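One letter stands for each residue in the lines below.
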Amino acid sequence: MTMDPVLVRRGFAAVAPHGPVVTEYVHRHLFEHDPALRGLFAEHLEKHRDRLFARLTHYAGDAWTPQAEAARTAVYAVVGDTRGAALTDARSA
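Residues numbered from 1 in each chain as written. Predicted model: local features only at pLDDT ≥ 70, side-chain atom pairs only at ≥ 80, totals over all residues. Heavy atoms only, no water.

(A) Up close: helix H2 (residues 19-33). Over its 15 residues, H2 extends 21 Å from the first C-alpha to the last, a length consistent with the 21 Å expected when each residue adds 1.5 Å. Among the residues of H2, Gly-19, Thr-23, Glu-24, His-27 and Phe-31 are the ones counted as buried. Around the axis of H2, the buried residues are gathered within 125° of arc, so they sit on the same side. Of the exposed residues in H2, the ones pointing more than 90 degrees away from its buried face are Val-21, Tyr-25 and His-33. (Helix = DSSP H or I, 4+ residues; strand = E, 2+ residues; numbered from the N terminus. Expected span 1.5 Å × (residues − 1). Buried < 20%, exposed > 50% of the residue type's maximum accessible area, 1.4 Å probe, protein only. Arc of directions from axis to C-beta.)

Set out below in structure tokens:
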């Protein structure tokens, strides 16, 4: 199987307008079907973010500007917020 970056980008572009809804749905579904996974997502989020950003910084090189980092931080915050909502919803289900 060969990765096609153009198709991957197209897929992300199609989903992007629905990002927070999709993220919440995926996490809610995940937690409802395997509640033990909640702990993996609920703890140490800053540590995981820092590790992710370290890898992104390494591979992005000069493309990792302060503006790019701010944009990615904002996205990570949205994902964290929607994941938190999904965790709360799954617990009350």
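(B) Layout of the packing of aromatic side chains. Tallying each qualifying case throughout the model produces two aromatic pairs. Their ring planes at 65° and their centres at 5.6 Å tell us that Phe-53 and Trp-64 sit as a pair that is edge-to-face. With Phe-53 in helix H4 (residues 45-60) and Trp-64 in the loop between H4 and helix H5 (66-92), this pair connects stretches of sequence that are eleven residues apart. Look at Phe-53 and Tyr-76: their rings are 6.1 Å apart centre to centre, the planes differ by 70°, and that puts the pair in the edge-to-face class. Of the two residues, Phe-53 is situated in helix H4 and Tyr-76 in helix H5; the sequence distance between them amounts to 23 residues. For the pair shown, Phe-53 and Tyr-76 are each scored as buried. (Phe/Tyr/Trp six-rings, centres within 6.5 Å; stacked < 30°, edge-to-face > 60°.)

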